Amino acid sequence: METIDIYDLLSSLLYLILIIWILIQGFNLLAFSWSWSKSCQVKSHHQLPPGPKPFPIIGNLLELGHNPHKSLANLSHIHGPIMSLKLGQITTIVVSSPEIAKEILQTHDQLFSNRTVPDSLHALNHHHYGLPWIPVSPSWRNFRKICSSYMFSVKALETNKNLRHQKVQELLGYVGKMAKAGEALDIGTAGFNTSLSLLSTTFFSLDWANSSSSNHDGGDDAMAKELKDIVLNIMEAAGIPNLADYFPFLKIVDPQGIRRNMAFQFKKMMGLFDRIINQRLQLLTESSTATGLMDESHDILDNLLNYMMSEENKEHKLLDIIAIEHFLVALFSAGTDTSSLILEWSMTELLKKPEILCKAQMELDKVIGKGNQMKESDITRLPYLQAIIKEIFRLHPPAPFLIPRKAESDVKICGYLVPKNAQVIVNIWAISRDPKVWDNPNEFIPERFLESNIDVKGRHFELLPFGSGRRICPGLPLAMRMVDLMLGSLIHSFDWKLEDGIEPNSINMEEKFGLTLQKAEPLRAMAKLRM
């Protein structure tokens, strides 16, 4: 995705911002309110958490750098685990400790339940429909109910267990062909396509990633490649620093073109959904007209459309085609991106430390047996594999800031004021690498979890990759099953090495910041069937 760098823009737009600011405020208003506002600012400043001194107009924007999660972690070492910044016109509170994260996400969850929505997510009014962004409301509760009832409940997950096993077997079959041909595998793309195959089959009874029955690397499958590009662009656009987020009066011009690009990406993805929905809706309508009854649901799309045409929905008007399409955009983006990211980072860390990979393979051999295929029921008997996954979520949380919250009213946190409408960021990347919380925090040490009861389900605030409270990611149960099954199956069935004789200590570990943390350089590795 091509966007203008924020640092190039700041120098060229500084005078424009100043002029517009002066016009909006007005000379008379400034003269009349100066004395009063100054005293209020001083009073308010003393109540806010500590933080770096802001520059005029731009505030602390330059402090963010190209990797805001790292920059804010470094600032927290100076100013403490709760600090305030002025990002343009936006008061931002940054939390960097488990204790204060608990205050935000659990103790005062009700006051921080809603989101600070980036301007890019206003594209096509996605903020009114996308599950991660909509405020707590009847519509939000309805979508959460759909998720818990039809997709992520224990019953739903057990019903689709064989489908997940089938998709992982297809992945192993593809890796086997690549190994036989002596070709390197793009790990992230393979994980993305497997997740896409699972989701599209579950939702639509269509396999979008495997239409050619063999391709998991995106070479011949145009749809899988297109969707992967769309998802990556959406995640980057949602997380990239945007001047319109820091100076709301710039939203009207969208100076970096981020919202326009996001609208373009949404339209492309929703166009794919639209064709399927209209075809299915026609079939359901014809069936209902012929029999007087709705056909039995065959997949999640049937469930959504049947509910949309139900008397209950006609009364409450909670669901329509536009809402369904936005709902699918959010789920397909998050569902494919998270699993592929964690698989790629997992394989990266294991190839960087072959001794840990060997130890994980020994556990799999002992519990499952060489030549046998791993099943979901094996996961609870594989504590070292589970420890590896937890350690990856600690070192490489998919969303380093989760999704920023918004204060619904003035709230006192640890003696400091969090003012109404402030943006609240929980820097879980900083928490996960805090030496006060973790020994050797920057090292990949799965053993730290073998004697620990810490999990990723939102109950332990030192490890929060999926968030916590009422806005915890609803897809957590499916993501954990898929990641464990994919990673365990890949390392149990194959031995791995880096392509072209690359040494483990020379692996590029750089990150690409967005709403999620991508690996800057895709991981490519060679597989060899284990005998």
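These numbers come from a predicted model, not from an experiment.

Cut-offs used in this document
Residues numbered from 1 in each chain as written. Predicted model: local features only at pLDDT ≥ 70, side-chain atom pairs only at ≥ 80, totals over all residues. Heavy atoms only, no water. Helix = DSSP H or I, 4+ residues; strand = E, 2+ residues; numbered from the N terminus. Buried < 20%, exposed > 50% of the residue type's maximum accessible area, 1.4 Å probe, protein only. Contact = heavy atoms within 4.5 Å. Areas by Shrake-Rupley, 256 points an atom, 1.4 Å probe, with all protein chains shown as cover. Pairing = 2+ DSSP bridges. pLDDT = per-residue confidence, 0-100. 1 Å grid on protein atoms, 1.4 Å probe; cavity = no way out; pocket = protein on both sides within 12 Å on 5 of 7 lines; lining within 4 Å. Points joined across faces, edges and corners; volume = space filled by probe spheres on them. Nonpolar A, V, L, I, M, F, W, Y, C, P; charged D, E, K, R; others polar. Axes fitted to C-alpha atoms, helices over the stretch in contact; angles between N-to-C directions. Left-handed = near helix turned anticlockwise from the far one by under 90°. Core = buried A, V, L, I, M, F, W, Y, C linked by side-chain atoms within 4.5 Å. Phe/Tyr/Trp six-rings, centres within 6.5 Å; stacked < 30°, edge-to-face > 60°. Lys NZ or Arg CZ within 6 Å of the ring centre and 35° of its normal.

Participant: Help me understand the overall build of the protein chain, please; the structure alone is not making it clear to me.
Facilitator: Each helix and strand counted, the protein chain has 18 helices and 11 strands in total. When each of the 531 residues of the protein chain is scored for burial, the buried share is 56%. The long-range fraction of contacts in the protein chain, counting pairs at least 24 apart against all pairs at least 6 apart in sequence, stands at 75%. For the protein chain, the exposed surface amounts to about 23,800 Å²; the carbon and sulfur share of it is 55%.

Participant: Is there a simple way to think about the sheet that holds strand S2 (residues 90-95) in this case?
Facilitator: Within a sheet, each strand pairs with its neighbour through backbone hydrogen bonds, oriented either parallel or antiparallel. If you trace the four strands from one edge of the open sheet to the other, you get S1-S2-S7-S4, paired in mixed fashion. Looking at which strands have only one partner, the edges of the open sheet turn out to be strand S1 (82-87) and strand S4 (405-406). Note: S4 against strand S7 (residues 423-426), two bridges, orientation antiparallel. Residue pairing in the sheet places Lys-406 in a bridge with Gln-423 of S7.

Participant: Teacher, can you tell me more about the confidence of the model for the protein chain here?
Facilitator: Keep in mind that low pLDDT regions are not for reading the predicted coordinates in detail. Per-residue confidence for the protein chain averages 88 on the pLDDT scale, and 87% of its residues sit at or above 70. Segment residues 27-40 is flagged for pLDDT under 50; beyond a separation of four residues in sequence, or across chains, it makes two contacts in the model. The model gives residues 211-220 a pLDDT under 50, and that stretch makes 24 contacts with residues more than four places away or in other chains.

Participant: Help me understand the layout of surface pockets, please; the structure alone is not making it clear to me.
Facilitator: Rolled over the atoms, a probe with the dimensions of a water molecule shows which regions are left empty. Approximately 750 Å³ is the volume found for the second largest pocket. Around the second largest pocket, the lining is made up of 35 residues, and of these Thr-116, Pro-118, Asp-245, Pro-404 and Gln-423 lie nearest the centre. Along the lines of polarity and charge, the residues of the lining of the second largest pocket split into 22 nonpolar, eight polar and five charged.

Participant: Quick question: what am I supposed to make of the sheet that holds strand S8 (residues 494-498) here?
Facilitator: Read across the open sheet, the three strands follow the order S3-S11-S8; overall the sheet is antiparallel. The open sheet is flanked by strand S3 (185-186) and S8, the only strands paired with a single partner. Across five bridges, the pairing between S8 and strand S11 (residues 524-529) is antiparallel. Paired with Lys-497 across the two strands is Met-526, which belongs to S11.

Participant: Even after reading the chapter, I still don't get unusual backbone geometry, so can you show me in this structure?
Facilitator: Trans is the common state for peptide bonds, and a negative phi is the common state for residues other than glycine. Positive phi outside glycine occurs at Ser-205, with the angle close to 60°. By the secondary structure assignment, Ser-205 is in the loop between helix H8 (187-204) and helix H9 (222-239). Under the relative-accessibility criterion, Ser-205 is labelled partly exposed at 43%. Unusually for a residue other than glycine, Asn-421 sits at a positive phi of about 75°. Asn-421 gets classed as partly exposed once you look at its relative accessible area, which sits at 47%.

Participant: Would you explain the packing of helix H7 (residues 161-181) against helix H18 (residues 476-493) in this entry?
Facilitator: The interhelical angle for the contact between H7 and H18, taken along N-to-C directions, is 35°, at an axis separation of 10 Å. As for the relative orientation of H7 and H18, their crossing is right-handed in sense. Two secondary-structure elements touch here, H7 through Arg-164, His-165, Val-168, Leu-171, Leu-172 and Val-175 and H18 through Leu-478, Arg-481, Met-482, Leu-485, Met-486, Ser-489, Leu-490 and Ser-493. Each residue belonging to the contact of H7 with H18 can be placed in one class, and the counts come to nine nonpolar, three polar and two charged.

Participant: What should I look at first to understand the pairing of S1 in this one?
Facilitator: Walk down a regular strand and you will see the side chains alternate between the two sheet faces. Counting buried residues along S1, five of its six residues qualify, which places the element largely inside the surrounding structure. As judged from the six bridges shared by S1 and S2, these two strands associate in the antiparallel manner. From the neighbouring strand, Ile-82 faces S2, where its bridge partner is Val-95. Taking the residues that link successive antiparallel strands as the turn, the S1-S2 hairpin has two residues, and the phi of Gly-88 there is positive, at about 65°.

Participant: I would appreciate a short explanation of the nonpolar core in the present structure.
Facilitator: Inside soluble globular proteins, nonpolar side chains tend to come together where they are buried. Membership of the largest hydrophobic core comes to 117 residues, with the highest contact counts inside it found for Ile-491 and Trp-496. Counting residues per element, this core draws most heavily on helix H14 (residues 321-352), at 13 residues. Beyond its immediate stretch of four places on either side in the chain, Ile-491 contacts Met-347, Leu-350, Leu-357, Ala-360, Gln-361, Leu-364, Leu-385, Trp-496 and Arg-530. Grouped together as the second largest cluster of nonpolar side chains are 21 residues, Ile-58, Leu-64, Ala-73 and Tyr-246 included.

Participant: What should I look at first to understand the environment of Phe-192 in this one?
Facilitator: With respect to the secondary-structure elements, Phe-192 resides in helix H8. In this structure the C-alpha to C-alpha distance between Phe-192 and Ser-339, which are 147 residues apart in sequence, comes to 7.1 Å.

Participant: Is there a simple way to explain the pairing of S11 in this structure?
Facilitator: Sheet analysis places S3 next to S11, joined by two bridges and oriented antiparallel. Pairing of Asp-186 across the sheet is with Arg-524, part of S11.

Participant: Which parts of the structure should I look at to understand the packing of aromatic side chains?
Facilitator: Each aromatic ring pair is summarised here by two numbers: the centre-to-centre distance and the angle between the ring planes. Applying the stated criterion to the full structure yields 14 aromatic pairs. With a centroid separation of 5.9 Å and 50° between ring planes, the pair formed by Phe-204 and Phe-273 is classed as tilted. Pair noted here: Phe-204 is in helix H8 and Phe-273 is in helix H11 (residues 258-291), with a separation of 69 residues, a long-range link. For Phe-273, a relative accessible area of 0% gives the class buried. Feature note: the residues Phe-203, Phe-204, Trp-208, Phe-273 and Phe-332 constitute an aromatic cluster, connected by ring pairs. For Lys-228, the ring lying beneath its charged end belongs to Phe-192, and the centroid distance is 6.0 Å. Over the aromatic face of Trp-438 sits the side chain of Arg-394, whose NZ or CZ is 5.4 Å from the ring centroid.

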